[in-house]
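Listed below are the residues making up each chain.
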Amino acid sequence: MNAQNTSVHIRLWQYEFWLLAISEFLLSMSTCMLLPTLPQWLMADQNLTSMEAGLVMAVYGVGLFALGSFVSFLVQYYRRNLVCIVSMAALAALLLMFFYLDSLRYQFIDLSLLLLLRFAMGATFGLSQMVLSSTLIIDTCESFQRTEANFASAWFGRMALALGPVAGLLVLRYADFSTVFLMAGGCSIVSLVLVLMVRFPFRTPADDITLVSLDRFFLPHGFPLMLNLLLVTLAFGLLLSLPLTISFYAMMLIGFLLALLSWHFVFRDAELKSEVVSGLLLMGAALLMQFTRNDVHVVVYAAPIFIGMGMGLIGSRFQLFFIKLSRHCQRGTSQSTFMLGWESGIAVGLGLGISLFNGCSHQVQVTALLLVIVALGAYQFTHGWFMRNKNR
């Protein structure tokens, strides 16, 4: 067997780590609440076409890369926790800007402004996540606990991918879009406060700081792995472009929980390749069920569970692959690269689904299934490449 699961260290789960893990959860919640609600606001209240709304949603994925090359300079030239706090505050301000724009009744917002705001949201969220996952969370634990710390904190963000839409749709059911934007901004502010509660010792900056660098941003030799991950997240993003119900996201959350339990008990001593292959097969099965038996009652519950379980298994294994692929002092860079592949794929897939298919479930499911099949075929080569190039 060639399993490479992380060990569990009780001492990792101390006060400061809990604060940062919950901060990551709330930070992800602030953007995930908008996944099902913002497209509705754009098309219903702002009278955008599906093509324009999809473009607004997709440009967020491009914005994630905007500030990445400056991360290393920022966290060394300024205090690293201050960089995270300022970027979180900027994200909260952008979310509250949508709250303000929604209050301008009977006025349509210019498309260029919406694109700029959404791009800036991606940039500030990306910077916050890179600093939080690549630097702050690592700084709160011992060196032998860092893989588990990255793995555990990522699961908090993964749960927000299901809980965020549930919260957004529930608020929209009983309130309005303004309340959704207000709550999203509030989540970002609370996330900021939690980071403020953690003390980080001062570090003397290095002598050879460069303004632009790939350090803590992108792992070039992890590009094949990222491409394979993008195929999966694009398929998932396409699915999120459909008008999904609260129960769908709730069942997806159950799938995430089952994936976490399976990771601990079912795949603990399994072959290394088994998690990704099983996850892709689960996603393929879910799409086939939706495509052929969507009118059957059990499929309404089973399909999202399979999707959540598949994405949970794939995400956790690819994250560990990036860590194993990184060289000395590249752990933070590997986590940023994984985050970019995960978040940008979902954002672009969501935007493409809205723009090209506009809620047509048949076309979305077929396209997503084709992407999953391609991802499964590509993984047969990616896995061998990873085994030849891993460093840990």
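1. Comments concerning the overall build of the chain
And step 1. Tallying secondary structure elements over the chain gives 14 helices and 0 strands in all.
And step 2. The N-to-C order of helical and strand elements in the chain reads α-α-α-α-α-α-α-α-α-α-α-α-α-α.
And step 3. With the C-alpha coordinates aligned to their principal axes, the bounding extent of the chain is approximately 55 × 45 × 35 Å.
And step 4. Going through the 392 residues of the chain one by one, you find that 59% of them count as buried.
And step 5. When contacts within the chain are restricted to residue pairs at least 6 apart in sequence, those whose partners lie at least 24 apart make up 89%.
And step 6. For the chain, the accessible area works out to roughly 15800 Å², and carbon and sulfur atoms hold 67% of it.
And step 7. The distance from the centre of the 21 positive side-chain charges to the centre of the 18 negative ones in the chain is 9 Å.

2. With respect to the pattern of salt bridges
And step 1. For the structure shown, the criterion picks out 2 salt bridges.
And step 2. Here Arg-216 and Asp-215 are joined by a salt bridge, their closest N and O atoms 3.8 Å apart.
And step 3. A relative accessible area of 28% places Asp-215 in the partly exposed class.
And step 4. In this structure, Glu-275 engages Arg-317 in a salt bridge whose closest nitrogen and oxygen atoms are separated by 2.4 Å. Of this pair, Glu-275 sits in helix H11 (residues 274-293) while Arg-317 sits in helix H12 (residues 297-325), and the two are 42 residues apart along the sequence. An identical accessibility class is assigned to Glu-275 and Arg-317; each is buried.

3. Observations regarding unusual backbone geometry
And step 1. With phi around 60 degrees, Asn-47 is a residue other than glycine that occupies positive phi space.
And step 2. Along the chain, the position of Asn-47 falls in the loop between helix H2 (34-45) and helix H3 (50-63).
And step 3. Phi is positive for Arg-216, close to 65 degrees, though the residue is something other than glycine.
And step 4. Judged by relative accessible area, which is 18%, Arg-216 ranks as buried.

4. Topic: a nonpolar patch on the surface
And step 1. Together, Ile-254, Leu-258, Leu-261, Phe-265 and Val-266 give the surface a local cluster of nonpolar side chains, amounting to about 500 Å² of exposed area.
And step 2. For Leu-261, the location among the structural elements is in helix H10 (residues 246-265).

5. Let's talk about the nonpolar core
And step 1. With 130 residues, the main nonpolar core has Trp-41, Leu-42, Leu-114 and Leu-132 as its most contacted residues.
And step 2. No other element matches helix H7 (residues 146-174), which puts 14 residues into this core.
And step 3. Discounting chain neighbours no more than four positions away, the residues touching Leu-42 are Asn-47, Leu-48, Ala-53, Val-56, Met-57 and Leu-114.

6. Digging into the side chain of Gln-290
And step 1. The residue Gln-290 is located in helix H11 in this model.
And step 2. In this structure Gln-290 touches Leu-239, Phe-248, Val-299, Ala-303, Ile-307 and Gln-365, once residues within four positions along its chain are discounted.

7. Here's the deal with the packing of helix H1 (residues 15-32) against H2
And step 1. In contact at an axis separation of 7 Å, H1 and H2 are set at 25 degrees when each is read in the N-to-C sense. In this view, H1 runs roughly parallel relative to H2, as classed from their interaxial angle. Contact residues: H1 offers Ser-30, Thr-31 and Cys-32, while H2 offers Leu-34, Leu-35 and Pro-36.
And step 2. Each residue belonging to the contact of H1 with H2 can be placed in one class, and the counts come to 4 nonpolar, 2 polar and no charged.

What counts as what
- Residues numbered from 1 in each chain as written.
- Predicted model: local features only at pLDDT ≥ 70, side-chain atom pairs only at ≥ 80, totals over all residues.
- Heavy atoms only, no water.
- Helix = DSSP H or I, 4+ residues; strand = E, 2+ residues; numbered from the N terminus.
- Buried < 20%, exposed > 50% of the residue type's maximum accessible area, 1.4 Å probe, protein only.
- Contact = heavy atoms within 4.5 Å.
- Areas by Shrake-Rupley, 256 points an atom, 1.4 Å probe, with all protein chains shown as cover.
- Lys, Arg positive; Asp, Glu negative; His and termini not counted.
- Charge placed at Lys NZ, Arg CZ, Asp CG, Glu CD.
- Salt bridge = Lys/Arg side-chain N within 4 Å of Asp/Glu carboxyl O.
- Patch = residues over 30% accessible without salt bridge, like charges linked within 9 Å, V, L, I, M, F, W, Y side chains within 5 Å.
- Core = buried A, V, L, I, M, F, W, Y, C linked by side-chain atoms within 4.5 Å.
- Axes fitted to C-alpha atoms, helices over the stretch in contact; angles between N-to-C directions.
- Parallel < 35°, antiparallel > 145°, perpendicular 65-115°, else oblique.
- Nonpolar A, V, L, I, M, F, W, Y, C, P; charged D, E, K, R; others polar.

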